Amino acid sequence: MKKNAPGQRGLLQKLILAPYSVWAALFIVVPLGFVAYYAFTDSNFNFTLDNITRFFTATSTVTEGEITREVHTYLLIFARSLKLAVISTFICLLMGYPMAYIMSRSSSRTQKVLVTLIMIPMWMNFLIRTYAWMTILQDTGIFNGLIGLIGLGPVHIIGTEAAVVIGMVYDYFPYMILPIYSIMAKMDVKLIEAAKDLGCNSLGVLRRVIWPLSLPGVISGIIMVLIPSISTFYISQKLGNGKFYLIGDAIEGQYVANNLHFAAAIAFILMVILLVCMAFMQRYANKKAVVA
Amino acid sequence: MKKIIELKNVTKSFDGEVVLDNISLDIYDNEFLTLLGPSGCGKTTTLRLIGGFETADAGDIIFMGENINNVPPHKRNVNTVFQRYALFPHLNVFENVAFPLREKKVPKAEIEQKVREMLSLVALTGFEHRSVTSLSGGQQQRVAIARALVSQPKVLLLDEPLAALDLKLRKDMQQELKKIQKATGITFVFVTHDQEEALSMSDTVVVMSEGRIQQIGTPIDIYNEPENAFVADFIGESNILDGVMLEDRKVAFSGHVFDCVDAGFGKKEPVDVVVRPEDVDIVAEEKGMLKGVVTSVTFLGVHYEIIVDINGFKWMIQTTDFVDVDEHIGLYIEPDAIHIMCKSEYSGMFGDYSSFSNELDELSDAESEMDE
């Protein structure tokens, strides 16, 4: 048999790969190209950097009580999106990590049940879930009714940042727990025993073995929660009563206003920022994995 | 000799199934002790009890005079070499070995020095910065040993550490482990199902079966003076026959009365008689104490392994003299080649080679490697 040179693929392999390559080109590369193309052109499709500069320089005035200040419109929106997304991601991680660990250590029957329970909300339509939270969090909603029973509240939640964060956490929690869980479930129990054997107490085992080994899961969990929550527009509109204009709302707004070029520019900038963040995170994970 | 670990009437069951049935065992300072038995005999459970990964249902585990039943693994001055090494994949060779020292907050310079010392002991100098996943099985094994020894435990527990290595490497590692044990003076408790490994490395062998200790002794004792049919069969090859003790130093089996060296049994007491295959001499048929027909001959290099049918009981005999299949031969057995054992629950279960084949033997070996 003739041996193929490294990197040289057989005809069969090429044929098998062909549909995927076409698919990837058609649905990933081409749209991305379009986004970039729109971002760097004006309405006559002439090259321009105006859309990009507008994102960084556009200002508007906000009135808070008696003080009126001028702010960078889109930078402020971006900062707000980032803040809410980071808070949500952090809460997801804080709740998801211990739960993933407990799941991975329970019997295989319990594991199946828990995974199903976590997945079930994902089978329901995203809009319905968000509407459900609207009714739960209203001033006269279920939540206030419940805490009213024990003599608390009512708490005004709907229309606050807290409501938006609750919505994001609820919607994206499975994306945090599942990757962490799948890594932990594969972890060799013998490694934990070895760490104990070599002098680690439970905290030491967590810090020196479980955490570094689960980092890839944590990183993908963070990415999978951070990205949709930074670009969501629906949750903030419904649960934030539209008071918290997020970057996703900005893109939607520009798009609806038929301002495709600026919408593309915002999307493009968001993408670049996220890519840079991800690259840093991966590097951190790799470095951590070697040294620990 | 100083006792370092004592197991006293230890019992353990999993899901209602008794894995260890009231075992008692003393482990002495500086000895190489091997727990030997087929899979499911409880040897690994015994090791895990000492390591602290299981708790006994009943009985006591004493470590240097102190009861350690409820002491967690990280507080026991005992380290384990796990079956598939359990090296930390996110750490390099150096950090794997340094792991226990960092936990103890040993000063940096001391860590550096101790790890290098350990790596040179296991012949891995120069591998400090290699990833453990890039190492061969034998090298990973050495890292695991270095990691377990670096904090100078009183006792090192080894759970079938050589099972995953190929034969040649296994032989080398046996020698090396023995050398390391001698050099460090640390007590080794070694678990294996490989009787040859047990005999060649140990000071003391503990033969286990079905959650009970069958015999504790030196390798020579275990081989020459097995206590029951299980031990005789499990350690090496043996022909185990039904016999009757006629009087001291006289035993009858296979329709012949033999002189032997054992005494102290009751008159006419039924016994199990062990004759090792290498202790039987082949003579002309008319000169033999026993007479039989050769049914199979296998050439094994150092000797032939022949199966001889004597009144329906198949004997295994190892000889350097060639005999042919269907040849009628006589057997001659010296008195000191005959070992007498009391009857036990294992009597009659082993000892006949009528279903013997080399292939079958290998199959059962492979089976027992997938231990617990």
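The structure presented is a predicted model; accordingly, all values stated were derived computationally and were not measured.

A separate point is the overall build of chain B. Counting its regular elements, chain B contains nine helices and 20 strands. Evaluated residue by residue, chain B yields a buried proportion of 41% over its 372 residues.

Now for the overall build of chain A. Summing up its helical and strand segments, chain A has twelve helices and two strands in all. Starting at the N terminus and ending at the C terminus, chain A contains elements arranged as α-α-β-β-α-α-α-α-α-α-α-α-α-α. For chain A, the C-alpha atoms occupy an extent of roughly 70 × 65 × 35 Å along the three principal directions. Residues counted as buried form 30% of the 292 residues belonging to chain A. The long-range fraction of contacts in chain A, counting pairs at least 24 apart against all pairs at least 6 apart in sequence, stands at 67%.

Residues and elements named next belong to chain B. Each domain of chain B was delimited in the assignment, giving domain 1 (3-224) and domain 2 (229-369). Computed from C-alpha coordinates alone, the two centres of domain 1 and domain 2 are separated by 36 Å. Counting residues at the interface gives twelve residues for domain 1, matched by eight residues for domain 2. When residues of the side of domain 1 that touches domain 2 are traced back to their parent elements, those giving at least two are strand 9 (204-209), strand 10 (212-217) and helix 7 (219-224). In terms of residue count, helix 7 provides more of the side of domain 1 that touches domain 2 than any other element does, three residues in total. Residue composition of the side of domain 1 that touches domain 2, by class: five nonpolar, seven polar and no charged.

The next thing to look at is the interface of chain B and chain A. For an interface, size is often stated in terms of accessible area lost upon the parts coming together. Contact residues are listed per partner, giving 18 residues for chain B and 17 residues for chain A. Every element with two or more residues in the side of chain B that touches chain A is listed here: strand 6 (78-81) and helix 2 (93-103) of chain B. The biggest single contributor to the side of chain B that touches chain A is helix 2 of chain B, with three residues. Among the residues making up the side of chain B that touches chain A, the classes are represented as eight nonpolar, six polar and four charged.

All names here are of chain A. Packing of helix 3 (residues 73-105) against helix 9 (residues 202-231) brings their axes to within 9 Å, and their N-to-C directions diverge by 140°. Classed by the angle they form, the pair helix 3 and helix 9 counts as oblique. The crossing of helix 3 and helix 9 is right-handed. In this structure, helix 3 contributes Ser-81, Leu-82, Ala-85, Ser-88, Thr-89, Cys-92, Leu-93, Gly-96 and Tyr-101 to the contact, and helix 9 contributes Ile-210, Val-218, Gly-221, Ile-222, Val-225, Leu-226, Ser-229 and Ile-230.

This part takes up the confidence of the model for chain A. One rule of thumb: low pLDDT means the predicted coordinates there are not for detailed reading. Here chain A averages 86 in pLDDT, while 95% of its residues score no lower than 70. Averaged over each element, pLDDT in chain A is lowest for strand 1 (residues 59-64) of chain A (79) and highest for helix 8 (residues 189-197) of chain A (93).

Judged by pairing direction, the sheet is antiparallel, and its four strands sit side by side in the order 2-1-4-5 (chain B) without closing on themselves. Each of the sheet's edge strands pairs with one partner strand only, and the pair in question is strand 2 (17-28) and strand 5 (66-67) of chain B.

Residue and element names in this part refer to chain B. For chain B, the average pLDDT comes to 89, and 95% of its residues sit at 70 or higher. Low pLDDT, under 50, characterises residues 359-372; the predicted model gives this stretch twelve contacts beyond four residues in sequence or across chains. The ipTM, which scores confidence in the relative placement of chains, is 0.81 for this predicted complex, and the corresponding pTM is 0.79.

The next thing to look at is helix 4 (residues 137-149) of chain B. Residue and element names in this part refer to chain B. Under the 1.5 Å per step criterion, the end-to-end length of helix 4 is 18 Å for 13 residues, consistent within 8% with the ideal 18 Å. Turning to helix 4, its buried residues are Gln-140, Gln-141, Arg-142, Val-143, Ala-144, Ile-145, Ala-146, Arg-147, Ala-148 and Leu-149. Structurally, helix 4 contributes buried residues whose contacts are with strand 6, helix 2, helix 3 (108-121), strand 7 (155-159) and helix 5 (167-184).

It is worth spelling out the packing of helix 4 of chain B against helix 5 of chain B at this point. Residue and element names in this part refer to chain B. Between helix 4 and helix 5, the shortest axis-to-axis distance is 12 Å and the interhelical angle comes to 15°. By the criterion of interaxial angle, the relationship of helix 4 to helix 5 is roughly parallel. As helix 4 packs across helix 5, the resulting crossing turns out to be right-handed. Taking contact as the criterion, the partners of Gly-138, Gln-141, Ile-145 and Leu-149 in helix 4 are, on helix 5, Leu-169, Met-173, Ile-180 and Thr-184. Considering only residue class, the contact of helix 4 with helix 5 consists of five nonpolar, three polar and no charged.

Residues and elements named next belong to chain B. Pairing within the open sheet is antiparallel, and its five strands lie in the order 13-12-11-14-20. Of all strands in the sheet, those bounded by a partner on one side alone are strand 13 (256-259) and strand 20 (338-342). Across the sheet, the axes of successive neighbouring strands diverge by a mean angle of 40°, strand direction being ignored. Sheet analysis places strand 12 (residues 250-253) next to strand 13, joined by four bridges and oriented antiparallel. From the neighbouring strand, Ala-252 faces strand 13, where its bridge partner is Val-257.

For the rest of this paragraph, the subject is the pairing of strand 18 (residues 313-319) of chain B. All names here are of chain B. Note: strand 17 (residues 304-310) against strand 18, seven bridges, orientation antiparallel. In the strand pairing of strand 18, Val-308 is matched with Trp-315. Connecting the antiparallel pair strand 17 and strand 18 is a turn made up of two residues, with Asn-311 showing a positive phi of about 50°.

A separate point is the environment of Lys196(A). Positionally, Lys196(A) belongs in helix 8. We classify Lys196(A) as buried; it has 23 C-beta atoms within 10 Å. The sequence separation of Lys196(A) and Phe244(A) amounts to 48 residues, and the corresponding C-alpha distance is 48 Å. Sequence-distant contacts of Lys196(A), defined by excluding residues within four places in its chain, comprise Val205(A), Pro73(B) and His74(B).

What counts, and at which threshold
Residues numbered from 1 in each chain as written. Chains lettered and ligands numbered in written order. Predicted model: local features only at pLDDT ≥ 70, side-chain atom pairs only at ≥ 80, totals over all residues. Helix = DSSP H or I, 4+ residues; strand = E, 2+ residues; numbered from the N terminus. Buried ≥ 20, exposed ≤ 12 C-beta atoms within 10 Å, placed from the backbone. Contact = placed C-beta atoms within 7 Å. Domains from an automatic or database assignment. Nonpolar A, V, L, I, M, F, W, Y, C, P; charged D, E, K, R; others polar. Axes fitted to C-alpha atoms, helices over the stretch in contact; angles between N-to-C directions. Parallel < 35°, antiparallel > 145°, perpendicular 65-115°, else oblique. Left-handed = near helix turned anticlockwise from the far one by under 90°. pLDDT = per-residue confidence, 0-100. Pairing = 2+ DSSP bridges. Expected span 1.5 Å × (residues − 1).

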